[in-house]
Amino acid sequence: MVAAHNLHKTPESAKFDLLAYLKERQKLCETALDNAIPIRYPETIYESMRYSLLAGGKRLRPILCLATCEMTGGTIEMAMPTACALEIIHTMSLIHDDLPAMDNDDYRRGKLTNHKVYGEDIAILAGDGLLALAFEHVATNTQNVPTERVLQVIARLGRALGAAGLVGGQVVDLESEGKPDISLETLNFIHNHKTAALLEACVACGGVLSGVSSEDLQRLSRYAQNIGLAFQIIDDILDITSTREQLGKSAGKDQQANKVTYPKLWGLEESRTKAQELIEAACVELDSFGDQAKPLIAIAQYIINRDR
Ligand SMILES: C=C(C)CCOP(=O)(O)OP(=O)(O)O
Ligand SMILES: [Mg+2]
Ligand SMILES: [Mg+2]
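Our subject in this report is the structure included herewith. From a predicted model like this one, the values you see are computed outputs, not experimental measurements.

Thoughts on helix α17 (residues 294–305)
Okay, so step 1: With 12 residues, α17 extends 16 Å between its outermost C-alpha atoms, agreeing within 8% with the 16 Å of an ideal straight helix rising 1.5 Å per residue.
Okay, so step 2: For α17, the complete set of buried residues consists of P295, L296, A298, I299, A300, Y302, I303 and I304.
Okay, so step 3: Summarising the contacts, the buried residues of α17 are in contact with α3 (18–36), α5 (60–71), α12 (214–241) and α16 (268–284).

Written as structure tokens, this is what we have:
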């Protein structure tokens, strides 16, 4: 008879079932997000906020936050309000990104975009409402975490989202549209700010909540910066190779708007290779976390293998 503890050492049981993990975490996030916005007067704004927030994204950002907090000795419960805030901030950035003044998109998460349903005025306000809610939600609902860590999380959220982060990246993205000679440096600036900054906040905040050392926090940040850049490279590849049905958002938009992207500068194959290298570099940063790092390593692989 094989001893029970040996069973856990077989290669098969050592495998990490990412799909089951993501499904379980997505379910937890859906419930928490649903509870974060009750409908009250004036109903229109709450309905439009819920329309985009509960439209079924991958929930990658909150899951990264929960996974990091758990990997570093914290709990799901400690991280859930921050995880929700990250998804709420991400959703507001999507609503505004899709507006006619920005990327002018009609579809998002398999549905009409917020402004197509509620009008541009309400869509702008839904973004504003979500943004304010994110900070209120963390400050009000975080439990069993020392207050100074919660303050650090709030500061990181603001920095990742603001002009030094996502907003700054969006500005350079828009300013670079249609320009012929965008450098790789500018392209990296765009990706590192519009996409990687928030993903870094997801991972870093998970670590801050559990109280990691500054060395571990730096390792986590480097992991997240690498997966963040890879995420946007893959997003731009999918924009070329996939369909609206598969993506839940319009495809072919980057070429249409003359956006600067990795595949445009380097071609599809080299862009894929670059994304793969970034994922490998990300995973090296997690070496010291041993087996505990399995979820974050599997999520990094998922980022380049994803089809939506
Ligand atoms: C940063 C980018 C490229 C916007 C899309 O993000 P996701 O691909 O994570 O969108 P959802 O799954 O959350 O809808
Ligand atoms: Mg955009
Ligand atoms: Mg867009």
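Quick look at the pattern of salt bridges
Okay, so step 1: Within the structure shown, the criterion is met by 18 salt bridges.
Okay, so step 2: K259 serves as the salt-bridge partner of E177, at 2.8 Å between the closest nitrogen and oxygen. Placement of the pair is E177 in the loop between α10 (166–176) and α11 (184–210) and K259 in the loop between α14 (253–256) and α15 (262–266), with a sequence separation of 82 residues.
Okay, so step 3: What makes K259 buried here is its relative accessible area of 8%.
Okay, so step 4: Residues participating in the shared-partner salt-bridge network are D103, D173, E177, K194 and K259.

Remarks on the coordination of the magnesium ion (ligand 2)
Okay, so step 1: Surrounding the magnesium ion (ligand 2) are the protein donor atoms D97 (OD) and D103 (OD), at 2.2 Å.
Okay, so step 2: Here the magnesium ion (ligand 3) and the magnesium ion (ligand 2) are spaced 3.2 Å from one another, each receiving a donor from D97.
Okay, so step 3: Owing to a relative accessible area of 13%, D97 belongs among the buried residues under this scheme.

Side note on the packing of aromatic side chains
Okay, so step 1: Under the defined criterion, the tally for this structure stands at three aromatic pairs.
Okay, so step 2: With a centroid separation of 5.6 Å and an interplanar angle of 75°, the aromatic rings of Y51 and Y118 are classed as edge-to-face. Taken together, the positions of Y51 in helix α4 (residues 43–53) and Y118 in helix α7 (residues 114–118) put the pair 67 residues apart, joining distant regions of the chain.
Okay, so step 3: Note on Y118: relative accessible area 22%, which makes it partly exposed.

Some points on the packing of α5 against helix α6 (residues 76–97)
Okay, so step 1: Between α5 and α6, whose axes approach to 8 Å, the crossing angle comes to 155°. Compared by their axis directions, α5 and α6 come out roughly antiparallel. In this structure, α5 crosses over α6, and the sense of that crossing is right-handed. In this structure, α5 contributes R61, P62, C65, L66, C69 and E70 to the contact, and α6 contributes I76, M78, A79, M80, T82, A83, L86, E87 and H90.
Okay, so step 2: Split by residue class, the contact of α5 with α6 holds 10 nonpolar, two polar and three charged.

Structural notes on empty space enclosed by the protein
Okay, so step 1: This structure, assessed with the given rule, holds one cavity of 30 Å³ or more.
Okay, so step 2: In this structure, the largest cavity encloses a volume near 90 Å³.
Okay, so step 3: Along the walls of the largest cavity sit 13 residues, with S52, I95, R108, R109 and N114 positioned nearest its centre.
Okay, so step 4: Those elements that place two or more of their residues in the lining of the largest cavity are α4, α6 and β2 (111–112).
Okay, so step 5: Classifying every residue of the lining of the largest cavity by side-chain character gives five nonpolar, four polar and four charged.

Observations regarding the site of ligand 1
Okay, so step 1: As a matter of local geometry, ligand 1 sits amid 13 residues, with K58, R61, H90, R109 and Q232 nearest to it.
Okay, so step 2: In the model, an oxygen atom of ligand 1 is placed 2.8 Å from a nitrogen or oxygen of the H90 side chain.
Okay, so step 3: In isolation ligand 1 has 390 Å² of accessible area, and contact with the protein removes 88% of it.
Okay, so step 4: Spatially, ligand 1 is embedded in the largest pocket.
Okay, so step 5: When residues in the shell around ligand 1 are grouped by element, the largest group, three residues, is from α12.
Okay, so step 6: For the shell around ligand 1, the per-class residue count stands at two nonpolar, four polar and seven charged.

Concerning the coordination of the magnesium ion (ligand 3)
Okay, so step 1: Around the magnesium ion (ligand 3), the protein contributes the donor atoms D97 (OD) and D103 (OD), which lie 2.1 Å from the metal centre.
Okay, so step 2: Looking at D103, the relative accessible area reads 18%, which means it is buried.

Observations regarding the layout of surface pockets
Okay, so step 1: Computed from the structure, the largest pocket encloses a volume of approximately 840 Å³.
Okay, so step 2: Around the largest pocket sit 44 residues that line it, and L94, D97, R108, D235 and K249 are the ones nearest its centre.
Okay, so step 3: Elements with a contribution of two residues or more to the lining of the largest pocket: α5, α6, β1 (107–108), α10, α11, α12, α13 (244–247) and α14.
Okay, so step 4: Here the element with the most residues in the lining of the largest pocket is α12; it accounts for six residues.

The rules we used
- Residues numbered from 1 in each chain as written.
- Chains lettered and ligands numbered in written order.
- Predicted model: local features only at pLDDT ≥ 70, side-chain atom pairs only at ≥ 80, totals over all residues.
- Heavy atoms only, no water.
- Helix = DSSP H or I, 4+ residues; strand = E, 2+ residues; numbered from the N terminus.
- Expected span 1.5 Å × (residues − 1).
- Buried < 20%, exposed > 50% of the residue type's maximum accessible area, 1.4 Å probe, protein only.
- Contact = heavy atoms within 4.5 Å.
- Salt bridge = Lys/Arg side-chain N within 4 Å of Asp/Glu carboxyl O.
- Donors = N, O, S within 2.8 Å, 3.2 Å for Na, K, Ca; no water.
- Phe/Tyr/Trp six-rings, centres within 6.5 Å; stacked < 30°, edge-to-face > 60°.
- Axes fitted to C-alpha atoms, helices over the stretch in contact; angles between N-to-C directions.
- Parallel < 35°, antiparallel > 145°, perpendicular 65-115°, else oblique.
- Left-handed = near helix turned anticlockwise from the far one by under 90°.
- Nonpolar A, V, L, I, M, F, W, Y, C, P; charged D, E, K, R; others polar.
- 1 Å grid on protein atoms, 1.4 Å probe; cavity = no way out; pocket = protein on both sides within 12 Å on 5 of 7 lines; lining within 4 Å.
- Points joined across faces, edges and corners; volume = space filled by probe spheres on them.
- Near = heavy atom within 4 Å.
- Polar contact = N/O pair within 3.5 Å; in protein donor to acceptor, adjacent residues only side chain to side chain.
- Areas by Shrake-Rupley, 256 points an atom, 1.4 Å probe, with all protein chains shown as cover.
- Sits in = over half its atoms within 2 Å of the grid points.

As far as function goes, none of this settles anything; it's purely spatial.
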